[in-house]
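Here are the chains, one letter per residue:
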Amino acid sequence: MHIILGDDQKSQLEDKYTLLELDQIRFAPDDNSVQAYCVLENIPVNELPKLHELSHLHSKLMENYCKRNWNFCEQALEHLQGRWGGQLDSFYTEIAQRIAKYKSQDMSTEWDPALQKY
């Protein structure tokens, strides 16, 4: 698996590979954000028939993460963990840990799902 930042290479790669949206990353000092994507090259053969379904579920996970729909995210993570040959398991674990932390906090309505990098 490879990670790319931004949309420059996305259109060239998405025709040949499975690309999945990861986090948005906001860089200081100018506060510009870029979208991170993972490029999956080695998808297990037994997952190929469900490729569209799994990609869609991953997309919905990220969409609902931004909306703070934690219940949906937790359910989606149960189905996604272990998929993609385990290539995204550490990412899914990180998302689950963030959700557990956010659920225990009184979050501002101005919460920004982008990761801040200084």
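Each residue is numbered by its place in its chain's sequence as written, counting from 1. Two thresholds apply to this predicted model, a pLDDT of at least 70 for residue-level local features and 80 or more for giving and counting side-chain atom pairs, whereas whole-chain, interface and lining totals are computed over all residues. Side-chain metrics rest on all non-hydrogen atoms present in the structure, leaving aside hydrogens and water.

**Focus: the sheet that holds strand β4 (residues 115-117)**
Here's step 1: For two strands to be treated as a pair, DSSP must find no fewer than two bridges joining them. The helix count covers DSSP runs of H or I at least four residues long, the strand count covers runs of E at least two residues long, and both are numbered beginning at the N terminus. Spatially, the four strands line up as an open sheet ordered β1-β3-β2-β4, and their pairing is mixed. Each end of this open sheet is capped by a strand with a single partner; those strands are β1 (2-5) and β4. Averaged over all pairs of adjacent strands, the angle between their axes in this sheet comes to 35°, without regard to strand direction.
Here's step 2: When strand β2 (residues 18-27) meets strand β3 (residues 32-40), the two strands line up antiparallel, connected through eight bridges. Residue pairing for β3: Q24 is matched across the bridge by Q35. To obtain an axis, a line is fitted to C-alpha atoms, over the contacting stretch when the element is a helix, and the angle between two such axes runs from 0 to 180 degrees between their N-to-C directions.

**A few points about the packing of aromatic side chains**
Here's step 1: A pair of Phe, Tyr and Trp rings is counted when the ring centres sit within 6.5 Å of each other, with Trp represented by its six-membered ring. The angle between the planes then sorts it: under 30 degrees is stacked, over 60 is edge-to-face, the rest tilted. The final tally for this structure, using the stated rule, is seven aromatic pairs.
Here's step 2: Within the aromatic cluster, the residues linked to one another by ring pairs are Y65, W70, Y102 and W111.

**Observations concerning the side chain of R26**
Here's step 1: In this fold, R26 is placed in strand β2.
Here's step 2: Polar contacts involving the side chain of R26 include one to the main-chain carbonyl oxygen of D31, which spans 3.4 Å.
Here's step 3: Pairs of residues are marked as contacts when any of their non-hydrogen atoms sit within 4.5 Å. If near-sequence neighbours (up to four positions away) are discounted, R26 is found in contact with D31, N32, S33, D112, A114, L115, Q116 and K117. Any pair of N or O atoms that falls within 3.5 Å is considered a polar contact. Within protein, one atom must be able to donate a hydrogen and the other to accept it, and sequence-neighbouring residues count only if both atoms are side-chain atoms.

**Comments concerning the nonpolar core**
Here's step 1: Joining through side-chain atoms within 4.5 Å is the link that ties buried Ala, Val, Leu, Ile, Met, Phe, Trp, Tyr and Cys residues into a set, and such a set is a nonpolar core. Buried means the residue's accessible area, taken with a 1.4 Å probe over protein chains only, is under 20% of the maximum for its type, while exposed means over 50%, and partly exposed covers the values in between. Judged by nonpolar contacts, the single largest core of 26 residues is most densely connected at L61, Y65, W84, L88 and Y92.
Here's step 2: Looking at this core, the elements with two or more residues in it are β2, β3, α2 (51-66), α3 (70-80) and α4 (89-103).
Here's step 3: If sequence neighbours within four positions are ignored, W84 has contacts with T18, L20, L40, I43, P44, E47, L51, L54, S55 and Y92.
Here's step 4: In this structure, I4, L13, L19 and V39 belong to the second largest nonpolar core, which totals five residues.

**Examining a nonpolar patch on the surface**
Here's step 1: Patches in this entry comprise residues that are over 30% relatively accessible and not in a salt bridge; like charges within 9 Å are linked, as are nonpolar side chains (Val, Leu, Ile, Met, Phe, Trp, Tyr) within 5 Å. Only the protein chains shown count as cover for residues, and all accessible areas are computed by the Shrake-Rupley method using a 1.4 Å probe. Should a side-chain nitrogen of Lys or Arg be within 4 Å of a carboxyl oxygen of Asp or Glu, the pair is scored as a salt bridge. Judged by side-chain polarity, M1, I3, L5 and F27 come together as a nonpolar surface patch covering roughly 360 Å² of accessible area.
Here's step 2: Tracing the sequence through the fold places F27 in strand β2.

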